[in-house]
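Overview (structure and organization)
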Amino acid sequence: MIQSTLWIMIKDNKIFLWEKKRWFAKWVLNWVWGKSEWDETIEECMIREAKEEIWVDIEKKDLEKKALLHFYFENKPEWNMDVFIFNIIQYEWEVVETEEIKPLWFSLDNIPFDRMWASDTIWLTRILRAETDLEYNFYFDKDNWKMINYDLIK
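Residues numbered from 1 in each chain as written. Predicted model: local features only at pLDDT ≥ 70, side-chain atom pairs only at ≥ 80, totals over all residues. Heavy atoms only, no water.

Our focus in this paragraph is the sheet that holds strand β5 (residues 32-35). Read from one edge to the other, the open sheet built from 6 strands follows the order β5-β1-β7-β6-β9-β10, with strand pairing classed as mixed. Each edge of the open sheet carries a strand with a single partner, namely β5 and β10 (147-152). Strand-to-strand twist of the sheet, defined as the mean angle between neighbouring strand axes without regard to direction, takes the value 20°. As judged from the 7 bridges shared by strand β6 (residues 63-73) and strand β9 (residues 134-140), these two strands associate in the parallel manner. If you follow His70 over to β9, its bridge partner there is Asn137. (Pairing = 2+ DSSP bridges. Helix = DSSP H or I, 4+ residues; strand = E, 2+ residues; numbered from the N terminus. Axes fitted to C-alpha atoms, helices over the stretch in contact; angles between N-to-C directions.)

Per-residue pLDDT for the protein averages 87, and the proportion of residues at 70 or more is 95%. Within the protein, the lowest mean pLDDT, 83, falls on β5, and the highest, 96, falls on β9. (pLDDT = per-residue confidence, 0-100.)

Turning our eyes to something else, we now look at the pattern of salt bridges. In this structure the tally under the stated criterion is 14 salt bridges. Put simply, Glu64 and Lys66 hold a salt bridge, and the shortest N to O gap is 3.4 Å. It is possible to trace a salt-bridge network through shared partners that takes in Glu37, Glu40, Arg48, Glu49 and Glu52. (Salt bridge = Lys/Arg side-chain N within 4 Å of Asp/Glu carboxyl O.)

On to the pairing of strand β7 (residues 81-88). Taking burial as the measure, the 8 residues of β7 include 8 buried ones, the bulk of the element. Of the two faces of β7, both are covered, the one formed by Met81, Val83, Ile85 and Asn87 as well as the one formed by Asp82, Phe84, Phe86 and Ile88. By the bridge criterion, 7 bridges tie strand β1 (residues 2-8) to β7 in an arrangement that is parallel. In the strand pairing of β7, Ser4 is matched with Val83. Judged from the 8 bridges that link them, β6 and β7 form a sheet pairing that is antiparallel. (Buried < 20%, exposed > 50% of the residue type's maximum accessible area, 1.4 Å probe, protein only.)

Counting residues in each nonpolar core, the largest one holds 48 residues, and the members touching the most others are Trp7, Ile8, Trp31, Leu69, Ile85, Trp123 and Phe138. Ile8 has contacts with Ile15, Trp31, Ile85, Phe86, Asn87, Ile88, Trp123, Leu124 and Ile127, leaving out every residue within four places of it along the chain. (Core = buried A, V, L, I, M, F, W, Y, C linked by side-chain atoms within 4.5 Å. Contact = heavy atoms within 4.5 Å.)

Attention shifts here to the packing of aromatic side chains. Aromatic ring pairs are reported here in terms of the distance separating the ring centres and the angle at which the planes meet. Going through the model one piece at a time under the given rule, you end up with 11 aromatic pairs. Seen in terms of ring centroids, Tyr136 and Phe138 are 5.3 Å apart; in terms of plane orientation they differ by 25°. Their pairing is stacked. Taking the relative accessible area as the measure of exposure, Phe138 reaches 0% and is therefore buried. Put simply, the rings of Phe71, Phe73, Trp79, Trp117, Tyr136, Phe138, Phe140 and Tyr150 pair up and form one aromatic cluster. (Phe/Tyr/Trp six-rings, centres within 6.5 Å; stacked < 30°, edge-to-face > 60°.)

Right, let's get into the environment of Met81. Here Met81 shows up in strand β7. Judged by relative accessible area, Met81 falls into the buried class, the value being 11%. Separated by 13 residues in the primary sequence, Met81 and Glu94 place their C-alpha atoms 29 Å from one another. Leaving out residues up to four positions away in the same chain, Met81 has contacts with Met1, Ile2, Ser4, Trp33, Leu69, His70 and Phe71.

Turning our eyes to something else, we now look at helix α1 (residues 42-54). Here α1 contains 13 residues, and its C-alpha end-to-end distance of 18 Å stays within 8% of the 18 Å for a straight helix at 1.5 Å per residue. All buried positions along α1 are accounted for by Ile42, Cys45, Met46, Arg48, Glu49, Ala50, Glu53 and Ile54. On the buried face of α1, the contacting elements are β1, β3 (14-20), β5, β6, β7 and β8 (101-107). Where α1 terminates, the next one or two residues include Trp55, which has phi positive at roughly 60°. (Expected span 1.5 Å × (residues − 1).)

Right, dumping it as structure tokens:
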């Protein structure tokens, strides 16, 4: 399984999402995320991805683990991944548009779930209620886009 990270950022009652401009899930609202390299911890992966994708420096002490999600793709088992969800606790910088992403902020009362992965509605709703230590399995169809089932582990 691929080991990867995903990072949630909330500021002033708004949530940060990005519109991906290229590659996988292009033009879908998404998060800062990335795959772990063989020689790094999951926290080091998150710090590296933030630097690479949105050009910001974060510190390990500012990462708070919220959930672990397991994604399974029916037709692409090589895409199966464990995703560690982090919340960024403290930051002093602004996110800028890059060649990779267009940053967008949405009110917590008006999150555009219809432009996101189907699984986001399930786990994000619980995290926004301040729940932690969540774990889910999510299963996607043969086209690797539509969620066909999910299991709550804890």
